[in-house]
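Summary of structural features
What follows is each chain in one-letter form.
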Amino acid sequence: MGSTSKTVRFWSLAVLCALLALPATLAAEQPPASALVIPRVDRAPTLEDFLDMKPSPAVEGKLAKVDDFRQTRPSDGKPGTERTEAYLGYDSENLYAVFIAFDSEPQKLRARMVSRENFVGEHGDMVDDGVSVSLDTFNDQRRGYIFQVNPYGVQWDGLYSDNNGFDVSFDTVWHSRAKITGRGFVVWMAIPFKSLRFSSAREQTWAILLNRDIPRKSEVVFWPIYSSKISGYINQAAPMKGLKNISPGRNMQFIPYGALRSFRALDERDANAPAFRGKRAEADGGVDAKLVLKDSLVLDVAVNPDFAQVESDEPQVTANERFELFFPEKRPFFLENASFFQTPINLLFTRRIADPQFGVRLTGKLGPWAVGALFADDQAPGKSVAKNDPMAGQRAYFTVLRVNRDIFKQSSIGFIFTDREFRGDLAGRLLSDLPENAQTRSNRVAGFDGRFRLDQNWSAAFQAATSSTRFLDGTRSAGPAYEVTLNRRGRQFNTSSRFSDRSPGFHTEAGFIPRLDIHEFNQSFSYRWRPEGKHFISWGPNVFGGATWDHSGTRLNWIVVSQLVFDFVAQTRFQLFYAPENERLRPQDFSSLSANRDYHRITRGFSFATGALRQVDIRGEFRFGQRININPPGTLQPDLVNRSSGNLSLTLRPVHQLRIDSAYLLFRLTDRGNHRSIFNNHIIRSKWNWQFNRELSLRVILQYDALLANQLNTTLETRRNFNADFLVTYLLHPGTALYVGYNSNLQNLDVVPCTLPATCSSQIVRTSRFLNDARGFFVKFSYLFRF
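Residues numbered from 1 in each chain as written. Predicted model: local features only at pLDDT ≥ 70, side-chain atom pairs only at ≥ 80, totals over all residues. Heavy atoms only, no water.

Considerations on the overall build of the chain
How we decide: A helix here means a DSSP run of H or I that spans at least four residues, while a strand means a run of E at least two residues long, and both kinds are numbered starting from the N terminus. Here the radius of gyration uses the C-alpha set of atoms, whereas the globule reference equals 2.2 Å times the residue count to the power 0.38. Burial here depends on accessible area, computed with a 1.4 Å probe over protein chains only, as a share of the maximum for the residue type. Under 20% is buried, over 50% is exposed, and the range in between is partly exposed.
In terms of regular secondary structure, the chain is built from 3 helices and 39 strands. Its C-alpha radius of gyration of 28 Å places the chain within 12% of the 28 Å reference for a compact globule of 787 residues. The principal-axis extent of the C-alpha atoms belonging to the chain is close to 90 × 65 × 50 Å. In the chain, which comprises 787 residues, the proportion classed as buried is 51%.

In structure tokens, the structure reads:
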């Protein structure tokens, strides 16, 4: 009772501090932008109609014109430094948009021939100059489509919701062309209505945002004004009227694929008989289907999906981590429309569905209701055990239901249900003897959530969920989880409050919850002074504080992070940070501890990033301080040791068709007394993309990961891994593509055969030499049939 009251008092005080920053009266919303009325055209505009940087007589006066583009960055509301004009119209099949982007220094334009969607940076910033159209086809100020094009006509498309941000997985068929001229560049887009979802009304009112990015100036301009003083994006779009008698029509898509592969890999499922297995040639096939129902619901079906062409994960340091690290989903089937299933607590992490053979998903919107449903199997549990195991071949089944209802002022309430079922058999074994993905018979989670727009800056969200889990040994667990957030977003002052509660019995097999049995509170503040000079944009502090308790009232950790951030033009940033932290370990965390033990540590560091040069982007971060060695040898207790870490990323574009992304990560622990090494973790990754034209590309990824461990100070083993991945892609448009790939992996492993089979078994051991433990070659072809 006492621990709960302390937690409540702490949370209440923190929320009170945040509420003190609320305006005395809710600020008035930004006046709505005037409506854009676009005309129906008898003749579709073409790129050639605008190559003189003005409309030709054939289209002059027949399209809606927009030219009052205003800055979002670096100055809010000021006219753009370069003139931009946009022309719009439509016919029975397409929406047309043409941008004329004038540039006083066209020789400084940033434009490359890259693969589709490869001209946007990792944080969403444009690497190339470009323009975009954002469409809210339901005019509900909640979700929108985004279509973006660079000066070579390369496409990027995505979905956006003010609750969940960008969903870059969205891929559809549309058309674009572009041309660099002596006075800037021109972009032409044709967006088929068949590629959009909207209501069946005879006369439509949508909402629209038009945008241009000039990365060398860190300048972003929009029509209508998209103000950074106001929270949200799509809610600032202007009404777009004039659309009559349009329809997405009957929309059915089928993408069959065929694949041929050969592979050889070390099979370690049977620890007593590791062996190489493979096939010289194996044919495979499957199909993805998409059906549009009632113009706004989309039914996706995947039968035997194949993800061979999906890029490997970006590297992360995993050594000496107590809790599971998050690796984002990259498979197209699970990425598309993933925002429909997002909730404040991450109850659907689709990487848990590791090896599906089929999947069905329904997503869409009916009036104020947004719905999502997902059903898929997972062959991974049955493949993670030996072939003679009673559970070999068994599958898990996932079911997810999500309903969300818009209520008022970009606010909504929703419900989610997830279920994972697995019919395994212990067969006399202990539960701990099984792989983690084969220990649970059933896991069901239900939750209720809400998101509320309080005014143009403030928003709040909550979720309450409960779970029921039954394990294969007959034991059960159950418990609730809660999440509450309060956020303010503005141009200068931002703050965020978050309270989380995960009970000891809460469990989700479909979601991502790395830690249970906690109350956690986090609070952050940031402020920016904006001199907005020729080179210097803004500077200011970020402050983050947080604390965690378990449900017995024991405080597990607290942390305060202070940062000072400086932003310059050309996407250049420098940051200093200082972070004291205290972590408490308990005997239940580590058996070598006889009582709770506190570890106080401080981390210092700096980071930087710049895109000042056309051909080079550089990013880096370096940290120094202390860390707990959680893998001490023998019966030694975890101890505080010295830590130094860093990562350096370099992107080179020596010619407009070649992009080289290289990264180096270092994580090092040393003893505080004698300074002897505990371990060094080095990760080097280099990705080369050569774009022959808009359709044909070659990608090469080389990655080396070495953990060099001193086993006098840690139980970790020295390991080395080298992976090479080659992929040739011919992508005509999303759905129609040819892939040819090869992958090879080397590790410092060896298989030691048993000399007396009756008394021993083969073993896998770490050695000083490399073993080619996996390699594979594949050819895959898919084709989009659209009706």
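Regarding the nonpolar core
Basically, it comes down to this: Residues enter a nonpolar core if they are buried and are Ala, Val, Leu, Ile, Met, Phe, Trp, Tyr or Cys, with the set joined through side-chain atoms within 4.5 Å. Whether two residues are in contact is decided by their heavy atoms, any of which lying within 4.5 Å being enough.
If you look at the biggest cluster of nonpolar residues, it comprises 39 residues, and the most contacted ones within it are F99, L135 and L210. Not counting chain neighbours up to four residues away, the residues in contact with L210 comprise V66, F69, A86, L88, F99, S132, V133, V221, F222 and W223. Judged by nonpolar contacts, the second largest core, of 23 residues, contains A370, L374, V400 and L426.

Some thoughts on the pairing of strand β7 (residues 143–149)
The two faces of a sheet get side chains in turn, since along a regular strand they alternate between them. To keep things clear, this is the line we draw: Strands are treated as partners if at least two bridges between them are detected by DSSP.
Within β7, 6 of the 7 residues are buried, which leaves it mostly tucked inside the rest of the structure. Two elements, strand β6 (residues 130–136) and β7, share 5 bridges in a ladder whose sense is antiparallel. The residue of β7 that forms the bridge with S132 is Q148. Here β6 hands over to β7 after 6 residues, with N139 in that stretch at a positive phi of 50°. Taken together, the 7 bridges between β7 and strand β8 (residues 155–161) define a ladder with antiparallel strand orientation. Bridge pairing links R143 to S161 in β8.

With respect to the pattern of salt bridges
The criterion, for reference: Criterion for a salt bridge: a side-chain nitrogen of Lys or Arg within 4 Å of a carboxyl oxygen of Asp or Glu.
Counted according to the given criterion, the structure contains 55 salt bridges. Between D103 and R216 there is a salt bridge, with the nearest N and O atoms lying 2.8 Å from each other. Residue D103 is found in the loop between β5 (94–102) and β6, and its partner R216 is found in the loop between β12 (203–214) and β13 (219–223); the two are separated by 113 residues along the sequence. Neither residue differs from the other here; D103 and R216 are each classed as buried.

Brief notes about empty space enclosed by the protein
Stated precisely, the cut-off is as follows: A pocket, in this scheme, is an open set of points on a 1 Å grid over the protein atoms alone with protein on both sides within 12 Å along at least 5 of 7 lines, while a cavity is a set where a 1.4 Å probe fits but cannot get out; residues line either one if an atom lies within 4 Å of a point. Grid points are joined across faces, edges and corners, and a volume is the space filled by probe spheres set on the points. Amino acid classes used here: Ala, Val, Leu, Ile, Met, Phe, Trp, Tyr, Cys and Pro are nonpolar; Asp, Glu, Lys and Arg are charged; the rest, including Gly, are polar.
Throughout the structure, instances matching the rule amount to 1 cavity of 30 Å³ or more. By volume, the largest cavity amounts to about 30 Å³. Along its surface, the largest cavity is lined by R110, R112, V127, Q571, L613, R614, D617 and R653. A per-class count over the lining of the largest cavity returns 2 nonpolar, 1 polar and 5 charged.

Re the confidence of the model for the chain
Where we set the bar: The quantity known as pLDDT measures the predictor's confidence residue by residue, on a range of 0 to 100.
Here the chain shows a mean pLDDT of 88. Residues at 70 or above account for 93%. Throughout residues 1–29 the model reports pLDDT below 50, and contacts reaching past four residues in sequence, or to other chains, amount to 33 contacts.

Describing the packing of aromatic side chains
Pairs of aromatic rings are described using the distance from one ring centre to the other and the angle between the two planes. Which entries qualify depends on this criterion: Between rings of Phe, Tyr and Trp, where Trp is taken as its six-membered ring, a pair exists when centres lie within 6.5 Å; planes separated by under 30 degrees are stacked, by over 60 edge-to-face, and by other angles tilted. Two limits define a charge over a ring: the Lys NZ or Arg CZ must be within 6 Å of the ring centre, and within 35 degrees of the ring normal.
Within the structure shown, the criterion is met by 29 aromatic pairs. Between F222 and Y233, the ring centres sit 5.9 Å apart and the planes meet at 75°, which makes this aromatic pair edge-to-face. Of this pair, F222 sits in strand β13 while Y233 sits in the loop between β13 and β14 (238–244); the two residues are 11 residues apart in sequence, bridging distant segments of the chain. For the pair shown, F222 and Y233 are each scored as buried. Every member of this aromatic cluster is reached through a ring pair, and the members are Y160, F222, Y226 and Y233. When the ring centre of F102 is taken as origin, the NZ or CZ atom of R83, which lies over that ring, is 3.9 Å away. Note that R331 overlies the ring of F307, its terminal NZ or CZ placed 5.5 Å from the centroid.

What about the sheet that holds strand β2 (residues 64–66)?
Applicable threshold: Axis lines are fitted to C-alpha atoms, over the contacting stretch for helices. Their N-to-C directions set the angle, which ranges from 0 to 180 degrees.
Spatially, β2-β4-β5-β11-β10 is the arrangement adopted by the 5 strands of the open sheet, whose pairing is antiparallel. Among the strands making up the open sheet, the edge pair consists of β2 and β10 (175–181). Mean inter-strand twist for the sheet, computed between neighbouring axes without regard to direction, equals 15°. Note that β5 and strand β11 (residues 184–192) share 9 bridges and pair antiparallel.

Remarks on unusual backbone geometry
Backbone torsion omega between R73 and P74 reads 0°, so that peptide bond is classified as cis. Relative to the helices and strands, P74 resides in the loop between β3 (70–73) and β4 (84–90). With an omega dihedral of -10°, the bond running from W223 to P224 counts as a cis peptide bond. With respect to the secondary-structure elements, P224 resides in the loop between β13 and β14. One non-glycine residue, N139, lies in positive phi territory at about 50°. Along the chain, the position of N139 falls in the loop between β6 and β7. Residue N139 is classed as partly exposed on the basis of its relative accessible area of 32%. We note that H675 has phi near 60°; this positive angle belongs to a residue other than glycine.

Let's talk about the environment of S411
Going by this rule: Counting of polar contacts relies on pairs of N or O atoms within 3.5 Å, with two restrictions inside protein: one atom must be capable of donating a hydrogen and the other of accepting it, and residues adjacent in sequence are counted only when both atoms are side-chain atoms.
As for its position among the elements, S411 is in the loop between β20 (396–406) and β21 (412–422). Sequence separation of S411 and P504 is 93 residues, and the distance between their C-alpha atoms is 31 Å. With residues near it in sequence (within four places) discarded, S411 still touches R142, R405, D406, R451, F452 and R453. At 2.8 Å, the side chain of S411 and the backbone nitrogen of R453 are in polar contact.

Topic: the side chain of D377
Mapped onto the fold, D377 is located in strand β19 (residues 369–378). Look at D377 and you get buried, because its relative accessible area is 0%. At a separation of 2.7 Å, a polar atom in the side chain of D377 contacts the main-chain amide nitrogen of Q357. Not counting residues within four places of it along the chain, the set of residues in contact with D377 comprises I353, D355, P356, Q357, F358, R395, A396 and Y397.

Quick word on a nonpolar patch on the surface
What counts, and what does not: Each patch is built from salt-bridge-free residues with over 30% relative accessible area, joining like charges within 9 Å and nonpolar side chains (Val, Leu, Ile, Met, Phe, Trp, Tyr) within 5 Å. The Shrake-Rupley method, run with a 1.4 Å probe sphere, supplies the accessible areas, and residue values consider only the shown protein chains as cover.
Taken together, F254, Y730, L732, L738, F781, Y783, F785 and F787 make up a surface patch of nonpolar side chains, about 730 Å² in accessible area. Within the fold, Y783 resides in the loop between β38 (763–782) and β39 (785–786). For Y783, a relative accessible area of 38% corresponds to the partly exposed category.

Comments concerning the environment of L347
You can see L347 is positioned in the loop between α2 (332–335) and β18 (358–366). Apart from the residues within four sequence positions on either side, L347 is in contact with I416, T418, V445, Q463, A465, F506, T508, A510 and G511.

What to know about the side chain of R653
Within the secondary structure layout, R653 lies in the loop between β32 (639–652) and β33 (658–670). Here R653 is in contact with R112, V127, R614, Q615, V616, D617, L658 and R659, once residues within four sequence places are set aside.

Here we look at the pairing of β38
In the sheet, strand β15 (residues 252–267) pairs with β38 via 9 bridges, with the strands oriented antiparallel. Bridge pairing links A265 to A774 in β38.

Examining the environment of S384
Mapped onto the elements of the fold, S384 is located in the loop between α3 (380–383) and β20. It is 7.0 Å that separates the C-alpha atoms of S384 and P435, two residues lying 51 residues apart in sequence. Among the polar contacts made by the side chain of S384, one reaches the main-chain carbonyl oxygen of P381 at a distance of 2.8 Å.

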